[in-house]
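Survey of secondary and tertiary structure
Here's the letter readout for the chains.
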Amino acid sequence: MRFLPSGSFRSTVCLSFLLVLVAGAVQAAPYHGEPFVLQQPDGTAVDVRVWGDEFYQRIENVDGYTLIRDSRTGEICYAELAADGHSFVSTGVVVADAPPAGLARGLQLPVADRTAAAWRVRNQFAAEEAAMLAGKSRDPGPSNQGNVLGLTLIIDFTDQPWSVPAADFEGYLNQEGYSGYGNNGSVRDYFHDVSAGVLTYTNWVPSAYMTAPLPKSYYEDPNAQYGQRARQLVIWALDTLDSQGHDFSQYDSNGDGYIDAINVFYAGSPSGGWSVGLWPHSSVIGWGADGVSAYKYQITNIGNALRLATFCHENGHMIMFWPDLYDYGYESNGVGAFCLMCNSGASTNPVRPSAYLRAEAGWEAPVLLEGLQTNLQASHDDMNIYKIPYPGVDNEYYMVESRYRRGRDGSIPDSGLAIWHIDEFGSNNNEQQTPGLHYLVTLVQADGRWDLENDVNQGDSTDLWKAPTYVEFNPSTVPPATWWDGRDAPIYIDGISTAGPTMTFNYREGLGTMGVTVEPLPADLNAAWTLEGPNGYLLEGEGFRSLLVWDEGTYTLTWSDMPGWSDPDPLVSTFDVFDGGAPAHFSGTYTDPPFALAPGGVAADAGAAAAVSLVDVDGDGDPDLHVVNAGQPDRLFRNDGGLVFADITPAELADTGAGSAAAWADYDNDGDRDVYLVRADEANRLLEQEGGA
């Protein structure tokens, strides 16, 4: 049954110090223009789009005008900037009417004001969490492996009945292969998939809605402190279940004395908006029964459909204890649409957690990279992770994984090798990229533009590493492999394959010292080749390449076919490379090109050519060349073989008519070729060949 924690176990931790610790842990779910329906005081619905999170929102109507609730009337009106530019004020014009003349769309507050507004609400929630934890004898911990059972409550109101049947929640939460409402699986499926079966997270949900004792309008009162009446609603629901003999001990899978997850769905939409009433959020409550205490809850509206993304994001906080990886100050975009804990991607098919979070959860043990390792495989399906540590600095390292646009990652912006720079002391609120201020999790964007940090986008098609463009990563590339203290990171990744479900690459921790040159001929021929060497060395490339290797031994170069060319002889060659020896030089000459530029001799005519005919004028079996010039004498070149031509132009052709075309044929059937000359704006001419002339 229900109990209250004993005061004899109260922690002696100073509340103000605990507040500092908790403030960084107060988390949220971001919105990126998601649709919501708010209500006017008379009940009229207003379709809006929302940017921000539960601590700060900027709300626009469907036409892109920024909105605010008028403090005098409570009506949703068009907003304008205050005279000092640091806040929004109501224009007094209700959103159903035409906007005021000259009002700009998409109004924004300065970054500092947005950040300050968010932190005011965030600090309020942090203080409440710190006060709750200060009365506990032990700290809560994550429940990220094995079978974990969460609690989900579904609530409707006398003035807001349900619209989604209660029976739908069981499938949405727990059914294997669920596809209702367009979702890719259930909540259980999502966590089972992204953990490779390490976590099976299911939820108990009642078979019928619990109808709140007070109308929805009471819980959404904008004059009540944000979150206060939501907690009142959650505690009422827990008390109701407890009075029915419900066993809450089953929700403590890790034995830390806390309920792992309390999820609350309520009927309708958050009609208040702007962080008031039942606006979706996560917070803490002080409540206990059956030997366990409540800790975090998350509450969100049902609307008319069930979607995975926000629920999975919030449970990433509750059961995994994962941090947000977006920027609370809204100056940058964190890791964008490449991770559940930032922009989660499609609402019905949220993307995977990033490599750092999956490793933190113990779902995948990263393989340490050291020395020389070639033909490494990064599998999208196996979700394997590689790690490159900073010796002596345990909090900083790089991670490498493959991401491919299919399945759970169907909505990521790019496919390829994801290279992550991790600093466990960093924060994704810090986009400055300086030694003291930088992200916890940085996606090293292959194009070097740092669009995520510069608030340009949520990711694009040139962020991940793949052939043919982004095939090397080292201290000399852009972006470079460096540590946050400014030192070069001894990371030399090359041979990155094209994007695919399984990618390959090579790694070495130092720059080679022995030179190898690969030179296909003729110069500038982009012929492909494969270089193999000691200890599994394998490098595939094309065209001229000068590189350094660091293992002594025999290296073998194999040339690939070039369509239309004859292969080099030999096709495979070897060279012994050793320290202090001569650099290896692999040269291969391709011959018999499909086309070649020949010396023209007299045939390199510089006339105003209008047409050309190939014709065997002299009957020797070689095609001769007739060049028709416009306004200049035509030229007739006899082919003497070996790309050698002789000028045999007769006087009849060497006139200055406006030639445009010529047709050769034996029109008089005497065995030799005659020619019909077409002239522009002049009389055409027929020349008969007689006696070879």
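One structure accompanies this document, and this report is about it.

**Points about the overall build of the protein**
A count of helical and extended segments in the protein gives eight helices and 38 strands. Its C-alpha atoms give the protein a radius of gyration of 37 Å, more than 25% over the compact-globule value 26 Å for 693 residues. Each principal axis of the C-alpha atoms in the protein carries an extent, and together these give about 120 × 70 × 50 Å. Classification of the 693 residues of the protein by burial places 51% in the buried group. Partitioning the intrachain contacts of the protein with sequence separation of at least 6 by distance along the chain shows that 60% fall at a separation of at least 24. With the model as given, the accessible surface of the protein reaches about 29,300 Å², and the carbon-plus-sulfur share is 51%. Counting 35 positive and 93 negative side-chain charges, the protein places the averaged centre of each group 12 Å from the other.

**Examining a nonpolar patch on the surface**
Residues Y667, Y676 and L686 make up a contiguous nonpolar surface patch of roughly 310 Å² in combined accessible area. Tracing the backbone through its elements, the reader meets Y676 in strand β37 (residues 674-679). The class of Y676 is partly exposed, set by a relative accessible area of 37%.

**Details of helix α4 (residues 187-194)**
Helical periodicity: at 3.6 residues per turn, an α-helix aligns residues three or four positions apart in one direction. Taking burial as the measure, the eight residues of α4 include six buried ones, the bulk of the element. Looking only at α4, the buried set comprises V187, R188, D189, Y190, F191 and V194. Where α4 is buried, its residues touch α3 (168-174), β8 (199-204), α7 (308-318), β16 (349-350) and α8 (355-360). Phi turns positive one or two residues past the end of α4, at A196, with a value near 55°.

**A word on the nonpolar core**
In this structure, F169, Y172, F191, L325, M399 and W420 are the most contacted members of the largest nonpolar core, which totals 55 residues. Not counting the four nearest positions on each side in its chain, F191 is found in contact with L199, Y201, C312, N315, G316, M320 and W363.

**Quick notes on empty space enclosed by the protein**
Tallied over the full model, the rule gives four cavities of 30 Å³ or more. As a volume, the second largest cavity reaches approximately 50 Å³. Residue lining of the second largest cavity: P140, G141, P142, S143, D256, Y258, I259, D260, Y295, M318, I319 and F321, and that is the complete set. Along the lines of polarity and charge, the residues of the lining of the second largest cavity split into eight nonpolar, two polar and two charged.

**Section: the pairing of strand β5 (residues 76-81)**
Of the strand pairs in this sheet, strand β4 (residues 67-69) and β5 are connected by three bridges, and their pairing is antiparallel. Considered in β5, the bridge of R69 is made with I76. Pairing geometry for β5 and strand β6 (residues 88-94), over four bridges, is antiparallel. Across the sheet, L81 pairs through a bridge with F88, a residue of β6. Taking the residues between adjacent antiparallel strands as the criterion, β5 and β6 are bridged by six residues, where G85 takes a positive phi near 75°.

**What to know about the sheet that holds β4**
Strand pairing in a sheet is mediated by backbone hydrogen bonds. Such pairs are either parallel or antiparallel. Across the sheet, which stays open at both edges, the three strands sit in the order β4-β5-β6 with antiparallel pairing between neighbours. The open sheet has two edge strands with one neighbour each: β4 and β6. On average, adjacent strands in this sheet sit at an angle of 55° to one another, irrespective of strand direction.

**Details of the packing of aromatic side chains**
Counted under the stated rule, the structure contains 30 aromatic pairs. When the centroid spacing of 5.5 Å and the interplanar angle of 55° are considered together, the rings of Y398 and W483 count as tilted. Of the two residues, Y398 sits in strand β20 (residues 393-403) while W483 sits in the loop between β22 (441-443) and β23 (492-494), which places them 85 residues apart along the sequence. Among the aromatic residues, those joined into a cluster by ring pairs are W162, F169, Y172, Y178, Y209, F265 and F311. Its end group placed over the ring of Y397, K387 keeps NZ or CZ at 4.2 Å from the ring centre.

**So, the pairing of strand β29 (residues 553-559)**
Put simply, side chains in a regular strand alternate between the two faces of the sheet. Both strand β26 (residues 528-533) and β29 contribute to a ladder of four bridges, which runs antiparallel. Residue pairing in the sheet places W529 in a bridge with W559 of β29. Relative to strand β30 (residues 572-577), β29 runs antiparallel, the two sharing six bridges. Bridging from a neighbouring strand, T556 pairs with T574 of β30.

**Details of the sheet that holds strand β38 (residues 685-687)**
Strands sit in the order β36-β37-β38 across an open sheet of three strands; the sheet is antiparallel. Each edge of the open sheet is held by one strand with a lone partner, namely β36 (659-665) and β38. Sheet twist, expressed as the mean angle between neighbouring strand axes with direction ignored, is 20°. Sheet topology note: the β37/β38 ladder contains three bridges and is antiparallel.

**A closer look at the packing of α4 against α7**
Taken N-terminus to C-terminus, the directions of α4 and α7 make an angle of 60°; their axes are 10 Å apart at the nearest point. Between α4 and α7, the angle is such that the two are oblique. In this structure, α4 meets α7 at a crossing whose hand is right-handed. From α4, V187, Y190 and F191 reach across to α7, where they touch L308, F311, C312, N315 and G316.

**Comments concerning the state of the cysteines**
All told, the structure shown has zero disulfides when counted by the stated rule. Sulfur of C312: no disulfide; nearest cysteine sulfur belongs to C339 and is 12 Å away.

Definitions and limits used
- Residues numbered from 1 in each chain as written.
- Predicted model: local features only at pLDDT ≥ 70, side-chain atom pairs only at ≥ 80, totals over all residues.
- Heavy atoms only, no water.
- Helix = DSSP H or I, 4+ residues; strand = E, 2+ residues; numbered from the N terminus.
- Rg over C-alpha atoms; globule rule 2.2 N^0.38 Å.
- Buried < 20%, exposed > 50% of the residue type's maximum accessible area, 1.4 Å probe, protein only.
- Contact = heavy atoms within 4.5 Å.
- Areas by Shrake-Rupley, 256 points an atom, 1.4 Å probe, with all protein chains shown as cover.
- Lys, Arg positive; Asp, Glu negative; His and termini not counted.
- Charge placed at Lys NZ, Arg CZ, Asp CG, Glu CD.
- Patch = residues over 30% accessible without salt bridge, like charges linked within 9 Å, V, L, I, M, F, W, Y side chains within 5 Å.
- Salt bridge = Lys/Arg side-chain N within 4 Å of Asp/Glu carboxyl O.
- Core = buried A, V, L, I, M, F, W, Y, C linked by side-chain atoms within 4.5 Å.
- 1 Å grid on protein atoms, 1.4 Å probe; cavity = no way out; pocket = protein on both sides within 12 Å on 5 of 7 lines; lining within 4 Å.
- Points joined across faces, edges and corners; volume = space filled by probe spheres on them.
- Nonpolar A, V, L, I, M, F, W, Y, C, P; charged D, E, K, R; others polar.
- Pairing = 2+ DSSP bridges.
- Axes fitted to C-alpha atoms, helices over the stretch in contact; angles between N-to-C directions.
- Phe/Tyr/Trp six-rings, centres within 6.5 Å; stacked < 30°, edge-to-face > 60°.
- Lys NZ or Arg CZ within 6 Å of the ring centre and 35° of its normal.
- Parallel < 35°, antiparallel > 145°, perpendicular 65-115°, else oblique.
- Left-handed = near helix turned anticlockwise from the far one by under 90°.
- Disulfide = S-S within 2.5 Å.

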